Amino acid sequence: MKKSQLVFFLLPTLFFCVSLGASSPIDPDDSEDFISCLQSKTNNATSISQLIFTPLNSSFQSIWQARVNNLRFIKPSTPRPSVIVTPIDETQIQASLFCTKKHGYEIRIRSGGHDFEAVSSSAVVPFVMLDLVNLKSIDVDVGNKTAWVQAGALLGEVYYSISQKTNTLYFPAGICPTVGVGGYITGGGYGNLVRKYGLAADNVLDVLFMDVSGNILDRKSMGEDLFWALRGGGASSFGIVLAWKLRLVPVPEIVTVFGVNITLEENGTDIFYKYQYVAPTLDTDLLIRVQLSSEFIGNTTRKTIRMLFEGLYLGKIDTLLTLLDKHFPELKVKQENCEEMSMVQSSLVLAGQGFTSSTPTEAIANQSDIQKQWNWKAKLDYVRTPIPKKGLRKIWRKMFENDRSELLIAYTFGGKMEEYSDTAIPYPHRAGVLYQLYKGVFFLDQTSDTTPASLKRIKWLRRFDKFLKPYVSKNPREAYVNYIDFDLGVGSETYEEASVWGERYWKRKNFKKLIRIKAKVDPENFFKHPQSIPVFD
């Protein structure tokens, strides 16, 4: 499918179960005015009426909830949209944009709905939610090693579509199969191939994008500055991504996945200490991540830290074992800890869904097979200097103070990431980063994130975040925009206010460049949210 055809690809309207939605924060008459406007601006008023939902529709709540992937926001106090529009082509997006501006709404664009603060699904002001769920066509061109992917497609759907055409090409993107392509790439996007091929955004060749005036632009017509901004600067500050042209990268027919559990009693502190030195310098065909959590030792009240070292190796078991025996023998990875499989099977196994290599590969593209188990508050840091053993032991003790609801994930960088400058795209966390450190607390056993236990966990996480300051990146303390965190601040009246969070996501040079581009592309600041790129007088 050629670029000019892609946005015109029509998909059938999705149907959802019936559920009563929350009340709208705006007068229903205003919603009716918006709907009338939308019907007048489209060729088929009957068709568009089937794609518009207000709180008066019985399916409103289920459609809103379908892609709210952080379950802590599915509660009565979360503000819902005044109107949801689920367009099936770009003319309906243009009409939605026009009517949203005309009737004084703000707009939120939802691709997969994985944003950590529900920015795409909620707002404290009256807003229209443009849900791109119906725009998910994927056109894989094996000969040219490319794929055009619409913004509403999910990563699992992309992986499955590629695997149906070839088992020697892939796209270097994230772990979670229900993350939406549209938003994911606009924040940079790391994954299991990051050490070999860099970020997802590093492997974007072209884009189809709608600006604030409704013009559809590609890379050539928008110019390199805007194309730069969209790949890591958060496209929701600039307009609406309709589709990406992706570069597919070579992978072997057989890859190896491994996993080893280690506790403190099994020399875990020393092994993690060495991990910090070794993993970022290993062959780029190998990616290791470490999941860390506290647990009780047997039936006692004493706690330990369990570390799950997981890895993906672009090759076979025997070569991997030789590599690890030479550089990281302390990990004691054996044949029985490893399994060979295809690349798409590795995405299944490492998705954290309990899938195995024998799970049918179509499961990665089937949302009904994927559990919604994300109910958390999370933060992210970048580690540039190995944490000393004394510091690690302090971290373990801090983790023991929590109620075992915490999860830390160390995700190794190095390799290809060392080859990019901080300004190649807006995402600046490149050379010198040993690993990124996710830390979060879960509320799965709670009725909401406002129970006494949940509030205690959030308080612990914020204290823990402050405690980590000496051990993570500095000047600025770096953060990841795809793991958006309103705790960093939301002020944007002045550069000084906005820099508190903006320089942490993008560093100063990139943040200032994003502000300049924003002023040209969206000078009236129509596309905005609490941490969008600001416009100053």
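Refer to the preceding data block for the structure.
Cut-offs applied
- Residues numbered from 1 in each chain as written.
- Predicted model: local features only at pLDDT ≥ 70, side-chain atom pairs only at ≥ 80, totals over all residues.
- Heavy atoms only, no water.
- Helix = DSSP H or I, 4+ residues; strand = E, 2+ residues; numbered from the N terminus.
- Contact = heavy atoms within 4.5 Å.
- Buried < 20%, exposed > 50% of the residue type's maximum accessible area, 1.4 Å probe, protein only.
- Arc of directions from axis to C-beta.
- Patch = residues over 30% accessible without salt bridge, like charges linked within 9 Å, V, L, I, M, F, W, Y side chains within 5 Å.
- Areas by Shrake-Rupley, 256 points an atom, 1.4 Å probe, with all protein chains shown as cover.
- Salt bridge = Lys/Arg side-chain N within 4 Å of Asp/Glu carboxyl O.
- Lys, Arg positive; Asp, Glu negative; His and termini not counted.
- Charge placed at Lys NZ, Arg CZ, Asp CG, Glu CD.
- Pairing = 2+ DSSP bridges.
- Expected span 1.5 Å × (residues − 1).
- Core = buried A, V, L, I, M, F, W, Y, C linked by side-chain atoms within 4.5 Å.
- Phe/Tyr/Trp six-rings, centres within 6.5 Å; stacked < 30°, edge-to-face > 60°.
- Lys NZ or Arg CZ within 6 Å of the ring centre and 35° of its normal.

Enquirer: What am I meant to see in the environment of Ser-47 here?
Expert: Along the chain, Ser-47 falls in helix 3 (residues 45-49). Distance in space between the C-alpha atoms of Ser-47 and Ile-88 is 9.7 Å, their sequence separation being 41 residues. The residues contacting Ser-47, other than those within four sequence positions of it, are Ile-88 and Gln-92.

Enquirer: Is there a simple way to think about helix 12 (residues 317-327) in this case?
Expert: The α-helix winds at 3.6 residues per turn, so residues separated by three or four positions along the chain end up facing the same way. Within the sequence span of helix 12, burial applies to Ile-317, Leu-320, Leu-321, Leu-323 and Leu-324. What you see down the axis of helix 12 is that its buried residues fit within an arc of 160°, all on one side. In helix 12, the exposed positions angled more than 90 degrees off the buried face are occupied by Asp-318, Thr-322 and Lys-326. At its buried positions, helix 12 is contacted by strand 12 (255-263), strand 13 (286-296), strand 14 (303-313) and strand 15 (338-341).

Enquirer: In this structure, what is going on with a negative patch on the surface? I would like to understand it.
Expert: A grouping of Glu-493, Glu-496, Glu-497 and Asp-537 is seen on the molecular surface, where their side chains present a negatively charged patch. Take Glu-493: it is sitting in the loop between helix 15 (452-467) and helix 16 (495-521).

Enquirer: How should I be thinking about the pairing of strand 17 (residues 406-412) in this particular structure?
Expert: A regular strand places its side chains so that they alternate between the two faces of the sheet. Most of strand 17 sits inside the fold, with seven of its seven residues counted as buried. Side chains of strand 17 alternate between two faces, with Glu-406, Leu-408, Ala-410 and Thr-412 and Leu-407, Ile-409 and Tyr-411 buried alike. Relative to strand 17, strand 13 runs antiparallel, the two sharing four bridges. By the bridge assignment for strand 17, Leu-292 is matched with Leu-408.

Enquirer: Please explain helix 5 (residues 90-102) as it appears in this structure.
Expert: In a regular helix each residue adds 1.5 Å, so 13 residues correspond to 18 Å; helix 5 covers 18 Å between its end C-alpha atoms and thus fits that length. Every buried residue of helix 5 is accounted for by Glu-90, Gln-92, Ile-93, Ala-95, Ser-96, Leu-97, Cys-99 and Thr-100. A positive backbone phi angle near 75° is found at Gly-104, which sits one or two residues after helix 5.

Enquirer: What exactly am I supposed to notice about the environment of Leu-392 here?
Expert: Examined against the element boundaries, Leu-392 turns out to sit in helix 14 (residues 389-400). Considering only alpha carbons, one finds Leu-392 and Tyr-471, 79 residues apart in sequence, at a separation of 9.5 Å. Leu-392 has contacts with Thr-269, Phe-272, Tyr-273, Gln-276 and Ile-387, leaving out every residue within four places of it along the chain.

Enquirer: Is there a simple way to explain the nonpolar core in this structure?
Expert: Nonpolar side chains in soluble globular proteins tend to be buried together. Within the largest apolar cluster, 120 residues are counted, with the highest numbers of intra-cluster contacts made by Ile-185, Phe-238 and Tyr-438. Among the elements that make up this core, the one with the highest residue count is helix 16 (10 residues). Listed in part, the 47 residues of the second largest apolar core include Leu-292, Phe-309, Leu-321 and Phe-443.

Enquirer: What's the story with the packing of aromatic side chains in this structure? I'm lost.
Expert: Between two aromatic rings, the relevant description is the distance of the centres plus the angle of the planes. What the rule picks out here adds up to 26 aromatic pairs. With centroids separated by 5.8 Å and ring planes inclined at 85°, the aromatic side chains of Tyr-427 and Tyr-480 adopt a geometry described as edge-to-face. Within this pair, whereas Tyr-427 is found in the loop between strand 17 and strand 18 (435-442), its partner Tyr-480 is found in the loop between helix 15 and helix 16, the two being separated by 53 residues in sequence. Feature note: the residues Phe-116, Tyr-190, Trp-376, Tyr-411, Tyr-427, Tyr-438, Tyr-480 and Tyr-483 constitute an aromatic cluster, connected by ring pairs. The positively charged end of Arg-108 is found above the aromatic ring belonging to Phe-127, 5.9 Å away from the centroid.

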